Amino acid sequence: MHGWMGKIRKIDLSTGRQEDLEIDDDLRRRYLGGRGLGVKLYTELCDEKTDPLSPENALIFLTGPLTGAVLTGGRYQIVSRSPLTTTICDSSSGGTFGAALKRTGLDGLIITGKADQPRYLHVTDDGIEVKDAAHLWGKDTPATKRALLDETSSKASVASIGPAGENQVLFAAVMNDKDRAAGRGGLGAVMGSKNLKAVVVNGTQNVVVADPEGLGELSAFLDRLVDKNPVTGKSLQVLGTSVLVNVINAHGMYPTENFRRGVFNDAEGTSGEKIAETILKAKSACYRCPIACGRTTRTPNKAGEGPEYESVWAFGAQLLVSDLVSITEANYRCNELGLDTISCGNTIGCAMELSELGLLPEKISWGDAGRVRRLVEDIAYRRGFGGELALGSKRLSEKYQRPELSMQVKGLELPAYDPRGVQGQALSYATSNRGGCHMRAYVIGPEILGQPCFMDRFSTAGKAEIVVLLQDISACVDSLGLCRFLQFAMGVDTFKKMLNLVTGLDFTEEELITIGKRIYTLERLFNTKAGLTRKDDSLPPRFLNEKLEEGASRNRLVKLDEMLDPYYRLRGWDEDGVPREETVRELQI
Amino acid sequence: MQLTRESLARMIDHTELKSHSGEKKIKSLCDEAKAFCFYCVCVNPIYVPLSSELLQGSDVLVCSVVGFPLGSTPGRIKAQEARQAVAAGAREIDMVIHVGALKDKQYDRVQDDIRAVVAASQPHPVKVILETCYLTDEEIVRGCELAVEAGARFVKTSTGFGAFGAFEDHVRLMRRTVGPDIGVKASGGVVNFKDAWRMIQAGADRLGTSAGVAILEGYTLHKFAPSAWLLPEIPCHNCPSRHAKLDKLPKGLYTYYKKRCRTCEHLETYNRFYD
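All figures in this text were calculated on a predicted structure; none of them were measured in a lab.

### Re the overall build of chain B
- Helix and strand counts for chain B come out as 14 helices and eight strands.
- Based on the C-alpha atoms only, the size of chain B along its principal axes is roughly 55 × 50 × 35 Å.
- Counting the 275 residues in chain B, one finds 56% classified as buried.
- Taking the contacts inside chain B whose residues are at least 6 apart along the sequence as the reference set, 67% of them involve residues at least 24 apart.
- Across chain B, 36 positive and 32 negative side-chain charges occur, with their mean positions spaced 2 Å apart.

Take a look at the structure:
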């Protein structure tokens, strides 16, 4: 077999029972791997009645056919049901873990049940050992990694949870390698609910490629595509993802003070340019990545990875904190504790607005960086008021009877782009299957960066079409095992070429888009069964009713109604957002 | 018009003209041109021999620029550059006109330049770069007429090094002026399929771009979401008047463009409170 390793191991932590799962060719052809195959397997193992934090919930680690075979192929996907949103959820991460998992001879792991005490999995060529992790429980992620590399092999790759996952914070992340995060949706809490501290992978097998010579020739061309593209070849390489701080702020859609404003006066001081001038130590890259968007940084007190764009925002403009060192150290701490920085900062911002209105039992002021640092800690350990924040902004705002102050979709906190300045991204947020997320379809590409072509950011024309297309391509790329940044530099033609050279199969561009559609609709079917309807494809009322007062997106509102019906029609879903029978049939779900 | 991926590829002059581009980039450029069946590679004269060698036996031609990018060298030097490029394997020549002479209405000087290069390039076609960003509409029309009279086979918008690149308004004007038998090449700022499509619709039959691969990938993508690429846009988005900047243009030309904004038919609809 080429591309895939051909085996997925299922392990029940309650009983210790393991079995290999046969994935037939047809299923691979229709869902590829990663997110697609993960969602398919998940929906066969669990249903809408499965409690995300129960032993019955499955936690699936999956790679794609291109993982370990081509540039940026270090990625893996975790698929499960999110305790934060209760939607189906996948969370992706880079580093080297995905490629290392494949070297053990497995395409992935399906983990069910609950261990009777803290455990970790040691995966090698010889199989999986379930090992005691009592001595690791309570440790942060760097300490866990160090201990596990000492215990196993310095060549191993580790994915673990920190205290936040152990304490089942609803937005706990799974961290792997050096500060890489499968951050969104709280899948670290699912791992914690299973008493599973870590997965250590260490194998020696190689991915077998159908046409190594052809792939070798293509590789030089791929590198050149990355290098020529202004985003991947320049901006991300030189300034990292934080290059966006000044760009998005200039467009008046850099969310400030819990999305009340679109311009942050101190943006320049927290920008990618400022990082390069002050705290940057070196660039860092995931497995075989020519972009190297990662930033290794040092503050007067600590060293670590990041902050990347979303984290700069979450602990900066969102909370009115202007001090880059404080922002960076809050980001470091989230990595160590295993927290999703977006949900964490966004939720604290919601608390600050509630506090300003006098609705909270304690005062949390805008710009109070010291308080933010302590809150991050309290959230991870569920101490005091941190315990309330650990449930996310939706539950927090509902408790204090101001649900409209939570900047989320379907319970997942929104990232760093105010949708009032970008109609397509607004539709993408609203229709995202895992909630408020910019990665289901990154419409910032066409609406701000002109990739793959410029679209008028304030117009709704053509937005349903581009959102559907980008959602489909993104689902496909997530299932191949590639980094989504490649989408700036190359299109579906190139992804097809890579896939065919690696697998020896004959995928077409149309087939890849159809696979994306199939995955997106399957996710939607799960959410529909779980009770989500059209009303959940919405945005916080702030974006529909309150105009921004300053900046280049002033006087704008999201015109969601103009886009939602065309979107459903293009998807083949009914007016309530439910996939029609003929759509399900046509997509062979 | 019926556009296919193949016909689009054959409209593209795959271009690498930056002063800091080395041999490695030229090799990649030629590899891509062969792999994607572009019409030609467009390179600086220094890289004509290398490109010719790399493209030997393929259908991809070599195009050399001449008098590039300012157009301010004497005609005989431009002719010598062209002669040398043809001897080294160039099969198309893109020359920059004497922009200053055109603006001074020294039309003979402009034509003498073009004639010299056309003669030196025989039998290969010459494309005349007008550098439209520095011209009024009247000057663009006159430049096109002079080029055609002097034997040019194409008129071309831009070097890519001027104040701005190709705009569909200029391409449309050039096509209208030269008629159907002379080629129009749009170059400068054509970076994706949407740009390419706009230029072709305006009358371009050749595109000068370093983003040929991205344009073809965009062509494939656009079939899955045509309206995202092909919907009409707000005219100001793609109007040279809107994009005219005082720090990039002579003050007279800047004023010329802004005056056009004030008398534009779209003023009330788009331009009054245009964000």
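That shown, we press on.
### Re the sheet that holds strand 7 (residues 119-124) of chain A
All names here are of chain A.
- Overall, mixed pairing links the six strands, which are arranged 8-7-12-9-10-11 in an open sheet. Strand pairing shows two members of the sheet lacking a second neighbour, strand 8 (127-132) and strand 11 (180-182), which therefore form its edges. Across the sheet, the mean angle from the axis of one strand to that of its neighbour is 20°, orientation sign disregarded.
- The pairing of strand 9 (residues 157-160) with strand 12 (residues 196-202) spans four bridges and is classified as antiparallel. From the neighbouring strand, Ser157 faces strand 12, where its bridge partner is Val201.

### Brief notes about the nonpolar core
Residues and elements named next belong to chain A.
- Counting 218 residues, the largest nonpolar core has Tyr254, Phe315, Leu339, Ile348 and Met498 as the members making the most contacts within it.
- Counting residues per element, this core draws most heavily on helix 19 (residues 463-480), which supplies eleven residues.
- Beyond its immediate chain neighbours, meaning those up to four positions away, Leu339 contacts Ala164, Val169, Phe171, Ala173, Cys334, Cys344, Val376, Ile379 and Ala380.
- Counting residues in each nonpolar core, the second largest holds 27 residues, with Ile128, Val190, Leu196 and Val201 among its members.

### Things to note about the domain arrangement of chain B
Residue and element names in this part refer to chain B.
- Splitting chain B by domain gives domain 1 (5-231) and domain 2 (235-275).
- If you average the C-alpha positions of domain 1 and of domain 2, the two centres end up 26 Å apart.
- On the side of domain 2, twelve residues touch domain 1, which itself brings 15 residues to the contact.
- Between domain 1 and domain 2, the buried area comes to about 1,000 Å², and carbon and sulfur atoms account for 60% of it.
- By the criterion of area lost to domain 2, the three top residues of domain 1 are Ala163, Phe164 and Phe167, representing 39% of everything that side buries.
- For the pair domain 1 and domain 2, the interface holds one salt bridge.

### Details of the domain arrangement of chain A
All names here are of chain A.
- When its domains are assigned, chain A resolves into domain 1 (8-202), domain 2 (250-409) and domain 3 (419-586).
- The C-alpha-based centres of domain 2 and domain 3 are spaced at 26 Å.
- Across the boundary between the two partners, domain 2 contributes 21 residues, which contact 24 residues of domain 3.
- Together, the buried faces of domain 2 and domain 3 total about 1,600 Å²; carbon and sulfur atoms form 66% of this surface.
- Three residues, His251, Met253 and Val409, lead the burial of domain 2 against domain 3; their summed loss comes to 38% of the area buried on that side.
- Across the salt bridge formed by Glu353 and Arg542, the nearest N and O atoms sit 2.6 Å from each other.
- Summed over the shared surface of domain 2 and domain 3, the number is eight residue pairs in polar contact (both at pLDDT 80 or more).

### Considerations on the side chain of B:Lys156
All names here are of chain B.
- Secondary-structure assignment places Lys156 in strand 6 (residues 154-156).
- Looking at Lys156, its side chain comes within polar contact range of the side chain of Asp94, at 2.7 Å.
- If near-sequence neighbours (up to four positions away) are discounted, Lys156 is found in contact with Asp94, Val128, Ile129, Leu130, Glu131, Met174, Lys185 and Ser187.

Reading the values: rules and limits
- Residues numbered from 1 in each chain as written.
- Chains lettered and ligands numbered in written order.
- Predicted model: local features only at pLDDT ≥ 70, side-chain atom pairs only at ≥ 80, totals over all residues.
- Heavy atoms only, no water.
- Helix = DSSP H or I, 4+ residues; strand = E, 2+ residues; numbered from the N terminus.
- Buried < 20%, exposed > 50% of the residue type's maximum accessible area, 1.4 Å probe, protein only.
- Contact = heavy atoms within 4.5 Å.
- Lys, Arg positive; Asp, Glu negative; His and termini not counted.
- Charge placed at Lys NZ, Arg CZ, Asp CG, Glu CD.
- Pairing = 2+ DSSP bridges.
- Axes fitted to C-alpha atoms, helices over the stretch in contact; angles between N-to-C directions.
- Core = buried A, V, L, I, M, F, W, Y, C linked by side-chain atoms within 4.5 Å.
- Domains from an automatic or database assignment.
- Buried area = accessible area lost by both parts, 1.4 Å probe.
- Salt bridge = Lys/Arg side-chain N within 4 Å of Asp/Glu carboxyl O.
- Polar contact = N/O pair within 3.5 Å; in protein donor to acceptor, adjacent residues only side chain to side chain.

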